[in-house]
Amino acid sequence: MTGLEAGLFGDRSRTALWVTESTSSVIQAASLVSKMPAVHKLLLEEALQDSPQTRSLLSVFEEDAGTLTDYTNQLLQSMQRVFGAQNEMALATEQLSKQLLEYEKQNFALGRGDEEVISTLQHFARTVEELNALHTDLASQIANRMVFPVVQFREKDLTEISTLKEIFGIATDEHEAAMVKYSRLPKKRENEKLKAEVVREVAFCRRKQHQASMQYYCALNALQYRKRVAMLEPLLGYTQAQINFFKKGMELVSKKMDSFLASVSSMTQSIQAQLDAEAESMRLSQRELLSVEDTVYMPDHDLVPINRTLIQKAGYLNIRNKTGLVTTAWDRLYFFTQGGNLMCQPRGAVAGGMVLDLDNSSVMAVECEDRRYCFQITSPTGKTSMILQAESKREYEEWICTINNISRQIYLTDNPEAVAIRLNQTAIQAVTPITSFEKRAEGSPNPDRAKPGGVAHSSVKKATTVPEPEDLIAPGTPIQFDIVLPASEFQDQNRAGGRRTNPFGETEEESSSGADDSLLQQVFAVRFLGSMAVRSGHTQEVIYEAMRQVLAARAIHNIFKTSESHLMVTSSCLRLIDPQTQVTKISFQLKDVTQFAAHQENSRLMGFVVEGRDWSEGAEEGQPSFSAYIFESNTEGEKICYTINLGKEITEAKKDPEALAQLMKSMPLTNDGKFLLLESETGEAANGGGQEDLESEA
């Protein structure tokens, strides 16, 4: 016998014993009823005399009938409550059976693997439905065999007593009035007629009282027997109904439920064992998780090293939202990356929604409202941007690295983790102080790809496709963020085609090139962002890729300060001049500038590629090498590119005097014979010369 069987239906042996004992108790009660003594009676012979003794005894019977009426009403209420409870039990079991069948239709989100539970509940539903039939039958028997007899006794017998009492009272009053009238008859003979009428009236009222009293006495005498039957018969019917109910229930359990209850009991015990094991496991896990140091709960005390090769990231960030023209509000939301998209999921939301497409987007650290760990994500078109704030420095740097990795679309490669590690070597080596541009080619994993032959082969192979970042810039190429060249570097630059400058800003070929530079001299205020070796110098895509890598490296390593310089564009060279000392930091021959372009969205960014020579392999003429230089200007980068292009046209036109004359006629000239392009920024640059450390807005 399982615990569940005992809990649901009890011990069948004890139930059978209870039924047997109940039956024997009923038999004993019946034998007691048969031996009951005779009841008290009202003598009908004394009804006509209506003596005070008879009236006194009648009052006792009337008091007993009133008490019986009150008790019968209370008993009927209790029996009706039992019937109502049993009827509600029948309705409840019917509803329970239907509700058990509804479990299968609920479509629980975590309901996978509930097939065994569903089948068990369906079996229970059928059993409960059979029990419902038993409860319905029991309710019907209680109504017919217990409640109805009491109701009939109250409405028939007790109501009859009450009615006869009223009739007896009326007859008594009429008899008293007739007797009073009879007592007032006079002694004179002439009133014989009146006397006869009064006598007849007294006789009629006395007969009427006599009949009413006898009917009333008979009813009161019969009530003494009827009340005993009325009390015992409903309980006998109730007990028999319960016995029939338990008998049918025992048959149902013994025939159909033994094996089923055993299997359900074993299943519940197995589930309870699993629950106990899971509770113990969760308790141990909770103890282990709570045994950590307090630094785990501190937002900016991360002991885990920064992972810069992530291609997926999730966590809470603060996002800045505009609430008015000049007011903003910060909201803390849950962000995560999915493929190439940045997703956001507010609290309580079922799923997240896309916020921004990260492919080809840019990310950089920004200073915002005196808050720490802020960074900005900008879409490729520049029309959409958002400012986010991380909780700690590690989260801040990992988010920037992750978005930068996703923007390169490395998640689409076969091995995105390896590609992310290889590409992030650029940012890791960017903080290494390297001053020689020619030595960068040594860090290339495949130096042959930096040669013109390698680039030409790649361009032919991918003539109709967009070049990959690895085809433009070797992975792991270091980035130089400032130009600080020692004396040996000036010698290398001279061998690469540049011109050496002395501390006073004069060149060795001042006398020979002064006439050439007099045709074009334009100065632009710029800030040097970075430079790096590239594999090709004849496509604008290499400049765009260099811009992206330089800005990403600055954002990753929090390098925001830049020094302002003057970029002088002449018809023969490009010179980067220190605005304070007027010393030329670096100079390039215009003929060595192979490509130049401004950023497609951010017009203040521009860059150019310079061709040099690499003598590391011992060749007499050296192998061609290319370096990209990225600048941020105070004006549009297109103006600088236009000036460089004009300088190249002048250089080509110098070979043909007629072409040069035609070019000079087509362009406006200043009073001293120079080409007039736009307003000079020399004054503006001079005013800003004292600002050595500016923060780049790129």
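As annotated in an unreviewed UniProt entry, the chain carries the name DCC-interacting protein 13-beta and comes from Pygocentrus nattereri.

Engineer: What am I meant to see in helix α4 (residues 115-183) here?
Structural biologist: Two residues of an α-helix separated by three or four positions point the same way, owing to the 3.6 residues in each turn. With 69 residues, α4 should reach 102 Å at 1.5 Å per residue; the first-to-last C-alpha distance of 98 Å fits that figure. Where α4 bends most, the angle comes to about 35 degrees, and this point is V147, followed within four residues by the proline P149.

Engineer: Would you explain the nonpolar core in this entry?
Structural biologist: Side chains of a nonpolar character, in soluble globular proteins, are inclined to be buried together. Residues L58, I161, Y216, L220 and L223 are the most contacted members of the largest nonpolar core, which totals 33 residues. Elements that contribute at least two residues to this core include exactly α3 (52-101), α4 and α5 (192-290). Take this core: its biggest share by element is 13 residues, from α4. Aside from chain neighbours lying at most four places away, what touches Y216 is L58, E62, I161, L164, K165 and F168. If you look at the next biggest cluster of nonpolar residues, it comprises 30 residues, including C344, L356, C368 and C401.

Engineer: What is the right way to look at the sheet that holds strand β13 (residues 593-598) in this model?
Structural biologist: Picture the strands of a sheet paired through backbone hydrogen bonds; they go either parallel or antiparallel. Overall, antiparallel pairing links the seven strands, which are arranged β12-β11-β10-β8-β15-β14-β13 in an open sheet. Each of the sheet's edge strands pairs with one partner strand only, and the pair in question is β12 (584-589) and β13. For this sheet the average axis-to-axis angle between neighbouring strands, irrespective of direction, equals 30 degrees. The strands touched by helix α13 (residues 540-556) are β8 (521-534), β13, β14 (605-614) and β15 (623-633); relative to β13, the strand with the most contacts, the crossing angle is about 65 degrees. Sheet contacts for helix α14 (residues 637-653): β8, β10 (564-570), β11 (573-577), β13, β14 and β15; angle to β13, the most-contacted strand, approximately 155 degrees.

Engineer: What is the right way to look at the pairing of β15 in this model?
Structural biologist: Taken residue by residue, a regular strand's side chains alternate between the two faces of the sheet. Of all eleven residues in β15, ten are buried, a share of seventy percent or more. The sheet contact formed by β8 and β15 spans eight bridges and is antiparallel. Within β15, the position partnered with A533 by the bridge is S627. Relative to β15, β14 runs antiparallel, the two being bridged by ten bridges.

Engineer: How should a nonpolar patch on the surface be read in this particular structure?
Structural biologist: A cluster of nonpolar residues, L290, V292, V296 and Y297, forms a patch on the protein surface that exposes about 420 Å² of accessible area. When its relative accessible area of 55% is taken as the criterion, V296 is described as exposed.

Engineer: How do you make sense of the environment of I118 when you look at a structure like this?
Structural biologist: Locating I118 in the fold gives a position in helix α4. Once the C-alpha coordinates of I118 and E104 are considered, the two residues, 14 residues apart in sequence, prove to be 6.2 Å apart. Setting aside residues no more than four positions away along its own chain, I118 makes contact with Y103 and E104.

Engineer: I keep staring at the pattern of salt bridges and nothing clicks. Help me out?
Structural biologist: Once the charged atoms of two side chains with opposite charge are near each other, the side chains can pair. The final tally for this structure, using the stated rule, is 21 salt bridges. Between K248 and D137 there is a salt bridge, with its nearest N and O atoms 3.6 Å apart. You can see K248 sitting in helix α5 and its partner D137 sitting in helix α4, a full 111 residues away along the chain. Accessibility expressed as a relative area gives 32% for D137, which makes it partly exposed. Notably, a salt bridge pairs R527 with E564, separated by 3.8 Å at the nearest N-O pair. You can see R527 sitting in strand β8 and its partner E564 sitting in strand β10, a full 37 residues away along the chain. Each member of the pair, R527 as well as E564, carries the same accessibility label: buried. Within the structure, one salt-bridge network assembled from shared partners comprises K313, R394, E395 and E398.

Engineer: Can you walk me through unusual backbone geometry in this structure?
Structural biologist: Most of the time, phi is negative for any residue but glycine, and the peptide bond is trans. Of note in the backbone geometry, N107 takes a positive phi value of approximately 55 degrees without being a glycine. Within the secondary structure, N107 is located in the loop between α3 and α4. With a relative accessible area of 68%, N107 lands in the exposed category. Positive phi is not limited to glycine here, since N360 has a value of about 60 degrees. With respect to the helices, strands and loops of the structure, N360 is situated in the loop between β4 (353-357) and β5 (362-365).

Engineer: Honestly, the pairing of strand β6 (residues 374-378) in this entry has me stumped. Any pointers?
Structural biologist: Of all five residues in β6, four are buried, a share of seventy percent or more. Bridge count for β5 against β6 is four bridges, and the pairing is antiparallel. Residue M364 lies in a different strand from β6, and its bridge partner there is Q376. Of the strand pairs in this sheet, β6 and strand β7 (residues 385-389) are connected by five bridges, and their pairing is antiparallel. Counted as the bridge partner of Q376 is I387 from β7. What sits between the antiparallel neighbours β6 and β7 is a turn of six residues, in which G382 has the positive phi angle 80 degrees.

What counts, and where the lines are drawn
Along each chain, numbering runs from 1 in the same order as the chain's sequence is written. This being a predicted model, a pLDDT of at least 70 is required before a residue's local features are given, and a value of 80 or more before pairs of side-chain atoms are given or counted; all residues contribute to the totals for chains, interfaces and linings. Calculation of side-chain values draws on the structure's entire complement of heavy atoms; hydrogens and water are dropped beforehand. Think of it this way: any DSSP run of H or I at least four residues long counts as a helix, any run of E at least two long counts as a strand, and we number them from the N terminus. Helix span, expected: 1.5 Å multiplied by one less than the number of residues in the helix. Fitting axes to the seven residues ending at a residue and to the seven starting there, one defines the bend at that residue as the angle between these axes. Nonpolar core, defined: a set of buried Ala, Val, Leu, Ile, Met, Phe, Trp, Tyr and Cys residues in which side-chain atoms within 4.5 Å join the residues together. Think of it in three bands: residues with accessible area under 20% of the maximum for their type are buried, residues over 50% are exposed, and the middle band is partly exposed, with areas taken using a 1.4 Å probe on protein chains only. Contacts were defined at the residue level, with two residues in contact if any of their heavy atoms lie within 4.5 Å. Strand pairing is assigned whenever DSSP detects at least two bridges linking the two strands. Here an angle of 0 to 180 degrees is reported between the N-to-C directions of two axes, which are lines fitted to C-alpha atoms, with helices fitted over the stretch in contact. Here, patches come from residues exposed beyond 30% relative accessible area and free of salt bridges, joined within 9 Å for like charges and within 5 Å for nonpolar side chains (Val, Leu, Ile, Met, Phe, Trp, Tyr). Calculation of accessible area relied on Shrake-Rupley with a 1.4 Å probe; when residues are assessed, cover is drawn exclusively from the protein chains displayed. What counts as a salt bridge is simple: a side-chain nitrogen of Lys or Arg found within 4 Å of a carboxyl oxygen of Asp or Glu.

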